Amino acid sequence: MLDRFAHMLRSGGELRLATDDPSLADWMMEKTWRHSQFTWQAETAEDWRIPPEDWTPTRYYNKAVSQGRVGYFLNFTRL
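Not measured: the values here are computed from a predicted model.

Student: Whenever I open this one, the overall build of the protein confuses me. Can you help?
Tutor: Scanning the protein for helices and strands turns up 4 helices and 3 strands. Secondary structure elements of the protein occur, N-terminal to C-terminal, as α-β-α-β-α-α-β. The C-alpha radius of gyration computed for the protein amounts to 13 Å, which stays within 12% of the reference 12 Å derived for 79 residues, consistent with globular compactness. With the C-alpha coordinates aligned to their principal axes, the bounding extent of the protein is approximately 35 × 25 × 25 Å. Here the protein, with 79 residues, has 28% of them falling under the buried criterion. Separation of charge centres in the protein, based on 10 positive and 11 negative side chains, amounts to 8 Å.

Student: How should the sheet that holds strand β2 (residues 38–40) be read in this particular structure?
Tutor: The strands making up a sheet associate through hydrogen bonds between their backbones, and the pairing can be parallel or antiparallel. The sheet built from 3 strands is open, its strands ordered β1-β3-β2 with antiparallel pairing. Of all strands in the sheet, those bounded by a partner on one side alone are β1 (14–19) and β2. This sheet shows a mean twist of 30 degrees between the axes of neighbouring strands, independent of strand direction. As defined by bridge partners, β2 adjoins strand β3 (residues 72–78) across 3 bridges and the pair is classed as antiparallel. Residue pairing in the sheet places threonine 39 in a bridge with threonine 77 of β3.

Student: Sorry if this is basic, but what is going on with the pattern of salt bridges here?
Tutor: Side-chain pairs of opposite charge can arise whenever the charged atoms involved come near each other. A full pass over the atoms with the stated rule returns 5 salt bridges. Close ionic contact of aspartate 54 with arginine 16 constitutes a salt bridge, the shortest N to O distance being 2.9 Å. Pair noted here: aspartate 54 is in the loop between α3 (46–49) and α4 (59–66) and arginine 16 is in strand β1, with a separation of 38 residues, a long-range link. Overall, the relative accessible area of 32% leaves arginine 16 in the partly exposed class. Among the salt bridges present, the one from arginine 69 reaches aspartate 20, with a minimum N-O distance of 2.3 Å. Remark: aspartate 20 occurs in the loop between β1 and α2 (22–34) and arginine 69 occurs in the loop between α4 and β3; sequence separation between them is 49 residues. Residue aspartate 20 is classed as partly exposed on the basis of its relative accessible area, which comes to 27%. Where salt bridges share partners, they join Glu14, Arg16 and Asp54 into one cluster.

Student: In this structure, what is going on with the pairing of β3? I would like to understand it.
Tutor: Along any regular strand the residues' side chains alternate between the sheet's two faces. Most of β3 sits inside the fold, with 7 of its 7 residues counted as buried. What you see with β3 is no split at all: Tyr72, Leu74, Phe76 and Arg78 on one side and Phe73, Asn75 and Thr77 on the other are buried throughout.

Student: I keep staring at the nonpolar core and nothing clicks. Help me out?
Tutor: In summary, soluble globular proteins display a tendency toward joint burial of nonpolar side chains. Counting residues in hydrophobic clusters, the biggest one holds 9 residues: Leu2, Ala6, Leu15, Leu17, Met28, Met29, Phe38, Leu74 and Phe76. Elements that contribute at least two residues to this core include exactly α1 (2–8), β1, α2 and β3.

Analysis parameters
- Residues numbered from 1 in each chain as written.
- Predicted model: local features only at pLDDT ≥ 70, side-chain atom pairs only at ≥ 80, totals over all residues.
- Heavy atoms only, no water.
- Helix = DSSP H or I, 4+ residues; strand = E, 2+ residues; numbered from the N terminus.
- Rg over C-alpha atoms; globule rule 2.2 N^0.38 Å.
- Buried < 20%, exposed > 50% of the residue type's maximum accessible area, 1.4 Å probe, protein only.
- Lys, Arg positive; Asp, Glu negative; His and termini not counted.
- Charge placed at Lys NZ, Arg CZ, Asp CG, Glu CD.
- Pairing = 2+ DSSP bridges.
- Axes fitted to C-alpha atoms, helices over the stretch in contact; angles between N-to-C directions.
- Salt bridge = Lys/Arg side-chain N within 4 Å of Asp/Glu carboxyl O.
- Core = buried A, V, L, I, M, F, W, Y, C linked by side-chain atoms within 4.5 Å.

In structure tokens:
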């Protein structure tokens, strides 16, 4: 799937992944970080712990927040 995303995005395009499941966040990070066409944008831990300013909350995100779960926001740039 990452190959498809890389094919669809222009160079400099942004791939945003989000979840409230720590295991899924680890898996997404491992797979995407290793992909040759993407680079991780985070510079500090806070960069992946808070949603981007232009984040549109989904009902799933709102449900997770209301239940006290933490979100993970992984932003990658297409090379």
